[in-house]
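# Descriptive structure summary
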Amino acid sequence: MRCLASRPAASHVPEPQGSGQRAAMDLAPLEGSYLELLHSNVDPLHLYQIYDQMDLTGEEEIELCSEPDTDTINCDQFSRLLCEMEGDEETREAYANIAELDQYVFQDAQLEGLSKDLFIEHIGAEEGFGESAESLAEAEQRAQKRCFSEEYPADSKQRKLAHPSRPSPSGSALPSGCLRLLSTLPQGLWQISGAGTELSSVLIYHGELPQAAPGLPLSGPAVHSLPKSPDRPGSTSPFAPSAADLPSMPEPALTSRVNTAEYATSSSPCQVSPEVSIKLPKWPETVEKFRRSLQDSYQAEPAGPGGPLVEMELVRARLEKGSNKSQERELATPDWGERQPVRGGLAEVLRAARDRRRPRETQVIAVLGKAGLGKSRWAREVSRAWACGRLPQYDFVFYVPCHCLDRLGETCCLRDLLCPAGLRPLAADDEVFSYVVRRPDRVLLILDAFEELEAQDGLLYSPCGSLSLEPCSLQGLLAGLFQQKLLRGCTLLLTARPRGRLAQSLSKADAIFEVTGFSEKQAQTYVRRYFEGAAVGRDEALALVENQPFLMSHWHSPALCWATCQLTQALVEQGADTQLPCTLTGLYVGLLGPAARDSPPGALAGLARLAWEQGRKHQSILQEDQFPSTEARAWAVSQGLVQPVPGATGAQMAFSSFPLQCFLGALWLAQCSDVRDKEIPQYLALTPRKKRPYDNWLEGMPRFLAGLVFQPCAHCLGALVGPAPATVAGRKQKVLTRYLQRLQPGTLRAGKLLELLHCAHETQELGIWQHVTCQLPVCLSFVGTRLTPPDVHILARALEAAGQHFSLDLRKTAIEPSGLGSLVGLSCVTYFRAALSDTRVLWESLKRCGETQLLQAAEDKFTIEPFKAKSLKDVEDLGNLVQTQRLSSSAEDRAGALPAVRDLKKLEFALGPILGPQAFPKLASFLPAFSSLQHLDLDSLSENKIGDEGVSQLSAIFPQLKVLETLNLSQNSITDVGACKLAEALPSLATSLLRLSLYNNYICDVGARSLARVLPDMVSLRVMDVQFNKFTATGAQQLAASLQKCPHVETLAMWTPTIPFGVQEHLQQLDARISLR
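Below, the structure is looked at part by part.

Calculation notes
Residue positions are given per chain, counted from 1 along the sequence in the order it is written. Reporting of local features is limited, given that this is a predicted model, to residues whose pLDDT is at least 70; pairs of side-chain atoms are given and counted only at 80 or more, and all residues count toward the totals for whole chains, interfaces and linings. As a convention, hydrogens and water are excluded, and side-chain values are obtained from all of the structure's heavy atoms. Only protein chains enter the calculation, and the probe is 1.4 Å; a residue is then buried if its accessible area is under 20% of its type maximum, exposed if over 50%, and partly exposed in between. Numbered from the N terminus, helices here are DSSP runs of H or I no shorter than four residues, and strands are runs of E no shorter than two. We call two residues contacting when some pair of their heavy atoms lies within 4.5 Å. Pairing of aromatic rings covers Phe, Tyr and the six-membered ring of Trp, with a centre-to-centre limit of 6.5 Å; geometry is then stacked below 30 degrees between planes, edge-to-face above 60, and tilted otherwise. Charges are assigned to positions over rings by a cutoff of 6 Å between ring centre and Lys NZ or Arg CZ, combined with an angular limit of 35 degrees from the ring normal. Any carboxyl oxygen of Asp or Glu within 4 Å of a side-chain nitrogen of Lys or Arg constitutes a salt bridge here. For two strands to pair, DSSP has to find at least two bridges joining them. Whenever a helix is involved, its axis is fitted only over the stretch in contact; in every case the axis is a line through C-alpha atoms, and angles between N-to-C directions fall within 0 to 180 degrees. Definition of nonpolar core: a set of buried residues of the types Ala, Val, Leu, Ile, Met, Phe, Trp, Tyr and Cys, connected through side-chain atoms within 4.5 Å. By convention a crossover is right-handed if, when the strands point away from the viewer, the path from the first strand over the helix to the second runs clockwise.

Here the focus is helix H40 (residues 1033-1043). Within H40, burial applies to Ala1033, Gly1035, Ala1036, Leu1039, Ala1040, Ser1042 and Leu1043. On its buried face, H40 sits against helix H39 (1005-1014), strand E25 (1051-1053), helix H41 (1061-1070) and strand E26 (1074-1075).

A word on the packing of aromatic side chains. One pass over the full model with this rule turns up 18 aromatic pairs. Taking the centre distance of 5.1 Å and the plane angle of 75 degrees together, the rings of Tyr530 and Phe531 count as edge-to-face. In this pair, the class of Tyr530 matches that of Phe531, namely buried. Ring centres of Trp843 and Phe862 lie 5.6 Å apart, and the angle between their planes is 90 degrees; on these two criteria the pair is classed as edge-to-face. Taken together, the residues span a long stretch of sequence, with Trp843 in helix H31 (residues 836-849) and Phe862 in the loop between helix H32 (852-861) and strand E19 (867-869) at a distance of 19 residues. On the basis of relative accessibility, which here comes to 2%, the residue Phe862 falls in the buried class. Following the ring pairs from residue to residue traces out a cluster consisting of Phe290, Phe396, Phe398 and Tyr435. If you follow Arg497 out to its NZ or CZ, it ends over the ring of Trp697, 4.2 Å from the centre. The ring of Trp769 is capped by Arg797, whose NZ or CZ atom sits 5.6 Å from the centre of that ring.

Moving on to the pattern of salt bridges. Evaluated as defined, the whole model comprises 18 salt bridges. Of the charged contacts in the structure, one is a salt bridge between Arg316 and Glu348, with a shortest N-O distance of 3.4 Å. Residue Arg316 is found in strand E5 (residues 314-316), and its partner Glu348 is found in helix H9 (residues 346-351); the two are separated by 32 residues along the sequence. In this structure Glu348 comes out as buried when scored by relative accessible area, which is 17%. A salt bridge links Asp430 to Arg415, with the shortest nitrogen-to-oxygen separation between them at 2.8 Å. Of the two residues, Asp430 is situated in helix H12 (residues 430-438) and Arg415 in helix H11 (residues 414-418); the sequence distance between them amounts to 15 residues. For Arg415, a relative accessible area of 23% translates into the label partly exposed.

Attention shifts here to the sheet that holds strand E20 (residues 906-909). Remark on secondary structure: sheet strands pair via backbone hydrogen bonds, oriented parallel or antiparallel. Spatially, the 8 strands line up as an open sheet ordered E19-E20-E21-E22-E23-E24-E25-E26, and their pairing is parallel. Edge positions in the open sheet fall to E19 and E26, since each of these has one partner strand only. Relative to strand E23 (residues 995-997), strand E22 (residues 966-968) runs parallel, the two being bridged by 3 bridges. The residue bridging Asn968 from the neighbouring strand is Ser997, located in E23.

Once that is clear, we can look at unusual backbone geometry. Note that the residue after Glu865, namely Pro866, is joined by a cis bond; omega there is -10 degrees. Positioned with a positive phi, Gln971 is a non-glycine residue whose angle comes to about 55 degrees. By relative accessible area, which is 13% here, Gln971 ends up buried. The backbone of Ser973 sits at a positive phi, close to 60 degrees, despite the residue not being glycine.

So, on to the sheet that holds strand E8 (residues 363-368). Reading across the sheet, the 6 strands line up as E5-E12-E8-E11-E10-E9 and stay open at both edges, with mixed pairing between neighbours. Among the strands making up the open sheet, the edge pair consists of E5 and strand E9 (396-401). Direction aside, neighbouring strands of the sheet carry axes that sit 20 degrees apart on average. Looking at chain direction, strand E10 (residues 443-448) and strand E11 (residues 491-496) are connected through 4 bridges and run parallel.

This part covers the pairing of strand E15 (residues 652-655). Every other side chain in a regular strand lies on the same face of the sheet, so the side chains alternate between the two faces. Burial of the side chains of E15 extends over both faces: Gln652 and Ala654 are buried on one face and Met653 and Phe655 on the other. Both strand E13 (residues 621-623) and E15 contribute to a ladder of 3 bridges, which runs antiparallel. Following the sheet pairing, Leu622 is matched in E15 by Met653. Where strand E14 (residues 642-644) meets E15, 3 bridges bridge the pair, whose relative direction is antiparallel. Note on E15: the bridge partner recorded for Val642 is Phe655.

Glancing now at the nonpolar core. Nonpolar side chains in soluble globular proteins generally cluster together in the buried interior. Membership of the largest hydrophobic core comes to 256 residues, with the highest contact counts inside it found for Phe398 and Leu664. A total of 10 residues in this core trace back to one element, the largest contributor, which is helix H22 (residues 658-671). Those residues within four positions of Leu664 in sequence are excluded, and the remaining contacts are Leu592, Leu604, Leu607, Ala608, Ala611 and Phe655.

With 3 bridges connecting them, strand E16 (residues 779-781) and strand E17 (residues 806-809) associate as parallel partners. Note that in E17 the partner of Leu780 across the bridge is Leu808. Crossover handedness for the path E16 to helix H29 (residues 789-802) to E17: right-handed. For E17 and strand E18 (residues 829-833), the ladder comprises 4 bridges, and the chain directions are parallel. Directly across from Ser807, in E18, lies its bridge partner Tyr831. In this region the chain leaves E17, passes through helix H30 (residues 817-824) and returns to the parallel neighbour E18; the handedness of that crossover is right-handed.

Following this line, the structure appears as structure tokens:
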């Protein structure tokens, strides 16, 4: 087939002459670029005329008949045209290029007032149209009066801008040339859209529309047509077939002007009948049936056993390079003030990456979070929201749990991926699948728990099938999605753990979000809703929970919050004067103890073995034949330990929560005699192993294992599996005791140290707890390690039990302000460091709450020593801190500066060559506030380039930096002008400055002479570095002569390539203090 040429002609197209006449046109092949087409003298309307006359015949081309006096659409030919387009990649690319050209023209500032029907008009089946109305006779009369030579000026470019007869599409008048869809069209409805433009849809209806009575004029949406050809008053399309192709259609009714507010009348002798409203079908019947069944299945899925539904908050996230040498990237840990919560809910998540992608490109969105925080439940809520009509931008939403994909076999096709066997209530036939493939931009594909896939390695580079019907491996299908060879233009939503094998695939994501769990307010809402319909009193349950703050700190996890509410409800219903356990191990022992007493023999042990084996495979799904017996399966279902997988067949079951699977896996290790005792320490995953490291997929298992092994057997392990298997735990307890006592907490990384504290707490052994806490290092740094509420709680307990003073570095930990306040308020914490913005939020919160003593302690203990500014935000936060007055009630303290500002001794500025010159003036404006500043480092590996202007600003405040000892101005693009300014101001630092570096600047002989003149006055200077500058032997000799007058200077480094080597050696022989390194 042929379309608009992508390369315009360089030859001139002659202007039309006469009324409705046009001169002969040069039909030579068009050459050039799109930009040349836009700036050429060729009128876009002439292009349609040219291609009206082109020979459309050929072996691989589609015949499109055209007659100059009719304006109709041959639906048979158009249908064949669309079928050819579906299977021809080159044709789709050609039309995509036309769409991009169309978008480029419409965004031109000079064409703002021009009607958008210059190339192709835009209609929508569900959008409103123009407000003006004209009868058919008026339309024909106006079309006959319209003359090409009178409508357009002589100059072709002026014709594009000067268009007095065409109203703007934004106005109230309807653009010229509208088609009405009539019931006599013999074929079905097609819906065509243009990616990358504002073209929504063009409708062509097949078959007969319902009508009130035969012969009645029908009213429908106005179809904005293509611009009229100048010499064919009735033509509105460059591909206009004859009226003979549309049988039974009265020719006067082929074209008309219509309006949504007023029905147009027909020129036929039929009488005017009452208004008839017709609703065009949007999808074929089979497509609509499949879509309805899909929506019904999503709405019928149960909410799950996780208790009441509470909307969780997502935050925008980013990836950063990991600490190891691999190419995998990790989820970055921002400060609390840097978090970007998603305020717009689900709509903002799905809209996040749309601005970044180009037209017809796949949009990849990743939602990450640790296990048990509710990612899968959130993904199912997305599909349920579409089923309820809250996502109208998608025709289809396919929710696919990734555990269903590993059973597809060696070869499968795209249809198997979208509709796995047993997951969809109705199979997608050829017509449905063809519709989905034809409109990928209207498809949302959700791949839940992506880390469970076995075929996800190397998806960005693996070979893949390019055709949707071509069978290939599962890895090939996934590679086709990520490489945009399949369903190009769809929206791909992934949910996964942040540190799985997803790292390479995540680099393809256009937007990344993180599920952080419940906030304190959301957890309170969850608990309140949980006990609203319960028989027990909510106040009694809340009072019971408040007595165990350790369990309350785990409420950020929906799964643990649900488990706590379950056990609380059971204890309140018993009515006994009991307390909640103080460990997670005790929590799940309390939940499973009553169920274990009524279990079939070996049922709990068999379920624990399944939990461990599936965890080693990175899976949580159980098949029906994996259970020890039918009775064991029925017992597990009745006790709520396992549940049917939502949307899957009844043969598949899943553990009710991830923490429960971790507990059952630890239970198997604690009572199993097949696991050797000396292998138990490796499952705590505290120390790295070079050979065969343990893959800690069951993240919560080490804590449960320590609790089950050390807690009293009668009330813990023996209550679950009986006394006989529990005797095995005695030997394992001795092995773990020796292992924990040999550990040195000071050598562990921050994350492993926190895990050790949790394991020691779960043991409830006083000796192990004291051994761990007493060996904590005095300076604890958690930079880059996420501190969750349970981590903050257990860290506070460990610091109190240690009996010594600590300093904490809590930057880049995402610690909540409430948790920061609890650590700062400890008497054993003497200094702490946190993000400047987070600290200010804490101070303001404490002042509002009236906690004066804690506020004063937070101000006195806060430090920023040393401070390194690496971004504009760092400079702004530092300036805000300088301007912040003390908020404590003491008038004497409020009068002075904050201790953090007053005591700062070292300040580094490393913003680089672009941001450095912008941010330095602001830094210089508040530098005098740091009265104790001794080290000012303005050097950066990428060069700050503050220049002569920055040096001039810095020199002006030298008199206020009275204790400055080190000044590093290396690599800052300083010339002679800056060196002279610096030399004039250096005497202000004569008694304090010890080290001055001007390495790698542009100082010439003039600047060297200025520095040599001031050098004898710097009585405290010991080291001066002027290497790699531009001064010659003259400047070097002046510096060497000045050095003879400075016995206090120890080193003068001044090697530079502009000084002859012989001169340098001679100067060094004269004075050994000159360094040529």
